[in-house]
Amino acid sequence: MAQIEMRNVQKFFGTNQVLKDLNLTIEDGEFVVMLGQSGGGKTTALRAIAGLETVTDGKILIDGQEVQDRKAADRDIAFVFQSFSLYPHMTVRENIAFPLRAVRMDAAERDRAIKEVAETLQIAQHLDRKPSALSGGDMQRVAIGRALVRRPQALLMDEPLGVLDAKLRDQMRAEIKRLHIARGSTSVYVTHDQIEAMSLADRIVILHDGVLQQVGAPDEVYLNPINLFVAKFVGSPIMNIADVEISGSNVVLKGASDGFAFDEGLLAGLHKSGSGVSLGIRPEAVLMTHEKTAGYTQAATTNIEPLGSHDIVDVQLGETTLRARTQSGFVKGEGAQVWVNLDPSQAHFFDKKTELNLRGTT
Ligand SMILES: Nc1ncnc2c1ncn2[C@@H]1O[C@H](COP(=O)(O)OP(=O)(O)OP(=O)(O)O)[C@@H](O)[C@H]1O
Ligand SMILES: [Mg+2]
């Protein structure tokens, strides 16, 4: 198993810089998920680690050894692609055995290695079939088995569940996690699915336009997003972002008559931002009651989205629509009058110009 380090990694395709001074250390045995929008540089970063792509500048180290000039085959890193990329003319057994060609192993040992991954991935019954006879989930299990059979130093996965349907994704996600724990392998997993990221990762790395935005445990990234991009990218439904005026200890949504009382100390530093601030508040931090309550502001509901386990209720406050998470059936109809408050401990303020989260920096 291995520690992987990227130091000041730059990657240009022609004049297009797609990795911008990437610095990241992935610890031995860690499960890191790279999350970001399309074109953010996730695949390029992963391919650079594996040696499938050269870097323009900077270093890649595996267990402290510089490998940026080594070929992929000399890095002992396995890669699982989004498309299954199995050899169609080979059986499942031959597909899994393929990476072992270059490894000196006697036949019995080879059979044992194949049997072990096949059993772990529950595909032992398919070993003599061709990939075309398998379901999508089983094909991806074979692809993962082929990556694992050599017991690589690290396993890199690029949206390995991207083509599977939702139910199978859930199941495979759990299996990948189990496999990671059982093998203790260093794993780097790319996705743009934040549920996958939250549920699999020890740490999430958020990449946007080739720039690393934030690295942190899933709850850290969720609770303390470093900037507006991360705040909006992580969480579903997305964080409410609203224009506000701050006067004294009062936070007033644009066009609203009443404000929300905050601790003055919390707001004090925000005035230093000359460019103004936006409020960020997640739907679960928008509080709602039916009765008039001190500190709450009256508002009308404009839309209700019942989701089974809970509802998402839109309320109108001045020019702002806030989305609130409520118990199922809490609000019966649109146009209902409710009382709304914000949980100040879960409120964020973003500088409008730098887009940085000002909480904790004031
Ligand atoms: N071989 C290549 N030649 C030229 N440009 C490339 C090449 N590969 C990637 N790019 C460009 O690099 C940028 C980052 O691409 P990359 O595939 O790493 O993004 P990504 O985050 O994996 O996106 P996605 O979520 O769509 O897979 C994009 O602008 C892409 O067009
Ligand atoms: Mg990609």
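Visitor: What am I meant to see in the overall build of the protein here?
Guide: Assigned secondary structure in the protein consists of nine helices and 20 strands. Here the protein, with 362 residues, has 50% of them falling under the buried criterion. Taken as a whole, the protein presents about 16700 Å² of accessible surface, with 49% of it coming from carbon and sulfur. Between the averaged position of the 39 positive side-chain charges in the protein and that of its 46 negative side-chain charges there is a distance of 6 Å.

Visitor: Help me understand the domain arrangement of the protein in this model?
Guide: Frequently, the measure chosen for interface size is the accessible area that the parts lose on association. Taken domain by domain, the protein holds domain 1 (4-227) and domain 2 (240-351). Carbon and sulfur atoms make up 52% of the area that domain 1 and domain 2 hide from each other, which totals about 400 Å². If you look at where domain 1 meets domain 2, you find three residue pairs in polar contact (both at pLDDT 80 or more). Across the side of domain 1 that touches domain 2, the residue classes break down as three nonpolar, two polar and no charged.

Visitor: Teacher, can you tell me more about the sheet that holds strand E10 (residues 211-216) here?
Guide: Sheets are built from strands that pair by backbone hydrogen bonding, the pairs being arranged parallel or antiparallel. Taking strand neighbours across the sheet as the criterion, the six strands line up as E6-E7-E8-E3-E9-E10 in an open arrangement whose pairing is mixed. The sheet is open, and its two borders are formed by strand E6 (77-80) and E10, each paired with just one other strand. Within the sheet, the average angular offset between the axes of one strand and its neighbour, ignoring direction, is 15 degrees. Both strand E3 (residues 31-35) and strand E8 (residues 186-191) contribute to a ladder of five bridges, which runs parallel. What sits directly across from Leu35, in E8, is Thr191. Across the face of the sheet, helix H4 (residues 136-148) comes into contact with E6 and strand E7 (154-158) while running at roughly 170 degrees to E6.

Visitor: Hey, could you run me through the pairing of strand E9 (residues 203-208) in this one?
Guide: Regular strands place their side chains on alternate faces of the sheet. Sheet topology places E3 next to E9; four bridges connect them, and they run parallel. Bridged to Val33 within E9 is Ile204. The pairing of E9 with E10 spans five bridges and is classified as antiparallel. The residue bridging Leu207 from the neighbouring strand is Leu212, located in E10. Hairpin connection of E9 to E10: two residues between the antiparallel strands, including Asp209 at a positive phi of 55 degrees.

Visitor: Mind showing me how you'd approach the side chain of Arg169 here?
Guide: Relative to the helices and strands, Arg169 resides in helix H5 (residues 166-183). When neighbours within four sequence positions are excluded, Arg169 is seen to be in contact with Leu161, Gly162, Leu164, Asp193 and Glu196.

Visitor: How should I be thinking about the nonpolar core in this particular structure?
Guide: A general trend in soluble globular proteins is that nonpolar side chains are found buried together. One finds Ile96, Ile144, Ile176, Tyr189 and Ile206 to be the most contacted residues of the largest nonpolar core, which totals 44 residues. Considering every element that reaches this core, the biggest residue donor is H4, with six residues. Those residues in contact with Ile96, other than ones at most four positions away along the chain, are Ile114, Val117, Ile123, Leu127, Val142, Gly145, Arg146 and Val149.

Visitor: Help me understand the side chain of Arg75, please; the structure alone is not making it clear to me.
Guide: Along the polypeptide, Arg75 turns up in the loop between strand E5 (65-66) and E6. Buried Arg75, no salt bridge; nearest opposite-charge side chain is Asp69, N-O distance 6.8 Å. Within the structure, the side chain of Arg75 is placed 3.0 Å from the backbone oxygen of Ile49, a separation counted as a polar contact. Among all residues touching Arg75, those that are not within four sequence positions of it are Ala48, Ile49, Ala50, Gly51, Ile60, Ile62, Val67, Gln68, Asp69, Arg70 and Gln153.

Visitor: Is there a simple way to explain helix H3 (residues 107-120) in this structure?
Guide: Residues that lie three or four places apart on an α-helix share one face, since the helix turns once every 3.6 residues. With 14 residues, H3 should reach 20 Å at 1.5 Å per residue; the first-to-last C-alpha distance of 20 Å fits that figure. Of the residues making up H3, those classed as buried are Ala113, Ile114, Val117 and Ala118. The buried residues of H3 occupy one face: seen down the axis, they fall within an arc of 125 degrees. Facing away from the buried side of H3 by more than 90 degrees, the exposed set consists of Arg112 and Lys115. Those residues of H3 that are buried lie in contact with helix H2 (92-97), H4 and H5. Two or three places before Ala108, at the start of H3, stands the capping residue Asp106, its side-chain oxygen 3.2 Å from that residue's backbone nitrogen. Of the residues one or two after H3, Gln122 is the one with positive phi, at around 60 degrees.

Visitor: What is the right way to look at the site of ligand 1 in this model?
Guide: Around ligand 1 lies a shell of 13 residues, among which Ser38, Gly39, Lys42, Thr43 and Thr44 are the nearest. Considering ligand 1 on its own, with 630 Å² of exposed area, one finds that the protein chains cover 59% of that surface. A total of three residues in the shell around ligand 1 trace back to one element, the largest contributor, which is helix H1 (residues 42-50). In the shell around ligand 1, the residues fall into two nonpolar, nine polar and two charged.

Thresholds applied
- Residues numbered from 1 in each chain as written.
- Chains lettered and ligands numbered in written order.
- Predicted model: local features only at pLDDT ≥ 70, side-chain atom pairs only at ≥ 80, totals over all residues.
- Heavy atoms only, no water.
- Helix = DSSP H or I, 4+ residues; strand = E, 2+ residues; numbered from the N terminus.
- Buried < 20%, exposed > 50% of the residue type's maximum accessible area, 1.4 Å probe, protein only.
- Areas by Shrake-Rupley, 256 points an atom, 1.4 Å probe, with all protein chains shown as cover.
- Lys, Arg positive; Asp, Glu negative; His and termini not counted.
- Charge placed at Lys NZ, Arg CZ, Asp CG, Glu CD.
- Domains from an automatic or database assignment.
- Buried area = accessible area lost by both parts, 1.4 Å probe.
- Polar contact = N/O pair within 3.5 Å; in protein donor to acceptor, adjacent residues only side chain to side chain.
- Nonpolar A, V, L, I, M, F, W, Y, C, P; charged D, E, K, R; others polar.
- Pairing = 2+ DSSP bridges.
- Axes fitted to C-alpha atoms, helices over the stretch in contact; angles between N-to-C directions.
- Contact = heavy atoms within 4.5 Å.
- Core = buried A, V, L, I, M, F, W, Y, C linked by side-chain atoms within 4.5 Å.
- Salt bridge = Lys/Arg side-chain N within 4 Å of Asp/Glu carboxyl O.
- Expected span 1.5 Å × (residues − 1).
- Arc of directions from axis to C-beta.
- Near = heavy atom within 4 Å.

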